[in-house]
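Okay, here's what each chain looks like letter by letter:
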Amino acid sequence: MLPSSGSSGLIAVAWPVMSGKPAQKRVSAGVAAVDDRSVAARLFAILDAFAAPAGATSLTLTLTAIAQRAGLPLSTTHRLVAEWVGWGGLSKHENGQYSLGMKLWELGVQTPTARNLRTIALPYLEDLYETTREHVHLAILDGRDALYLEKLSGHHAVRLISRVGARLPLHSTGVGLVLLAYAPSDVVQQYLATSLQRFLPRTVTEPEAVRKRLAEIRLLGLARMSEEMTAGSSSIAAPIRDRTGQVVAAVSIVTRTTDTIDAEQERAVRVAAQGVSRALGYRRAQQ
């Protein structure tokens, strides 16, 4: 989602930039400021409020924060945000905060920008598949999930539940762990503040254990996991960076579980991730 999110990350670039502008106010002596924006402009201003700051891949906001960013009264914001939630453009979380909704991605993935991201990555994903003959995934961060943008599979690869457009938890997938490892600290904190589902006996759900894994991933530039989402499967994943050095996506292969580390497969995943990063304009010297 190119990305953006971050998008920001990959997601933020998966749809056109909205046209909401700061309130145009007329001020005269003794006359209160007047917001002369149209209803449509105010709706777009609410989406613009979710433009993530540099380095962020996900953004959640309170209603008050949205109102402040959009330059709208709280009552107006409440009404318009409800319209966005009803349509699917925004999602409301249990803690009362809001984030961009999947409906925007469903529309945005059809735009040339989103297609370009997948087009840029596809040759490297195909090379990775030809090298390993295993499932190949391309994913981005979307809230608490890894959102799958591409999947290449062989006839004899291990069976998986992943598919293009699917979302899976961050803590139990290879691409998800990579995306979480490079997410802003507040995103990580929020993710680990809630109970993590244990899908299989080996799924790591304890917050401190997850934090340790994330630190190791940042150190190695690679994530390894085994039988935490699907029995009999293991994953190797690596980060993809944009021209600013921000991690905007992750690439992985999923293999049958073995007792040994395959150095050649790890190298192949790194090469694919580095190739896509270079195609997005990243240069190591920028770090």
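These notes cover the structure that comes with them.

What counts and what doesn't
Residues numbered from 1 in each chain as written. Predicted model: local features only at pLDDT ≥ 70, side-chain atom pairs only at ≥ 80, totals over all residues. Heavy atoms only, no water. Salt bridge = Lys/Arg side-chain N within 4 Å of Asp/Glu carboxyl O. Helix = DSSP H or I, 4+ residues; strand = E, 2+ residues; numbered from the N terminus. Buried < 20%, exposed > 50% of the residue type's maximum accessible area, 1.4 Å probe, protein only. Phe/Tyr/Trp six-rings, centres within 6.5 Å; stacked < 30°, edge-to-face > 60°. Lys NZ or Arg CZ within 6 Å of the ring centre and 35° of its normal. Pairing = 2+ DSSP bridges.

What about the pattern of salt bridges?
Piece 1. Under the criterion given, the structure shown has 10 salt bridges.
Piece 2. Of the charged contacts, one joins E227 and R202 as a salt bridge, the two residues approaching to 3.5 Å between their closest N and O atoms. Of this pair, E227 sits in the loop between β8 (223–226) and β9 (233–241) while R202 sits in the loop between α7 (185–192) and α8 (207–220); the two residues are 25 residues apart in sequence, bridging distant segments of the chain.
Piece 3. Residue E227 is classed as partly exposed on the basis of its relative accessible area, which comes to 24%.
Piece 4. Residue classification places R202 among the partly exposed residues on the basis of a relative accessible area of 48%.
Piece 5. Two residues, E266 and R224, come together in a salt bridge whose shortest N-O distance is 2.3 Å. Of the two residues, E266 is situated in helix α9 (residues 263–279) and R224 in strand β8; the sequence distance between them amounts to 42 residues.
Piece 6. A residue is classified by how much of its surface remains accessible, and E266, at 9% relative accessible area, is buried.

Section: unusual backbone geometry
Piece 1. Not every positive phi belongs to a glycine, and R133 is a case in point at roughly 60°.
Piece 2. Relative to the helices and strands, R133 resides in the loop between α5 (112–132) and β5 (135–142).
Piece 3. Unusually for a residue other than glycine, E227 sits at a positive phi of about 50°.

Overview of the packing of aromatic side chains
Piece 1. All chains considered together, the criterion is met by one aromatic pair.
Piece 2. Positioned over the ring face of Y191 is R144, at 4.3 Å from the centre of the ring.

What to know about the pairing of strand β10 (residues 247–256)
Piece 1. Burial within β10 is extensive, with nine of its 10 residues counted as buried.
Piece 2. Relative to β10, β9 runs antiparallel, the two sharing nine bridges. Across the sheet, residue S233 finds its bridge partner in β10, namely R256.
Piece 3. Between β9 and the antiparallel strand that follows it, β10, lie five residues; G245 among them carries a positive phi value of about 95°.

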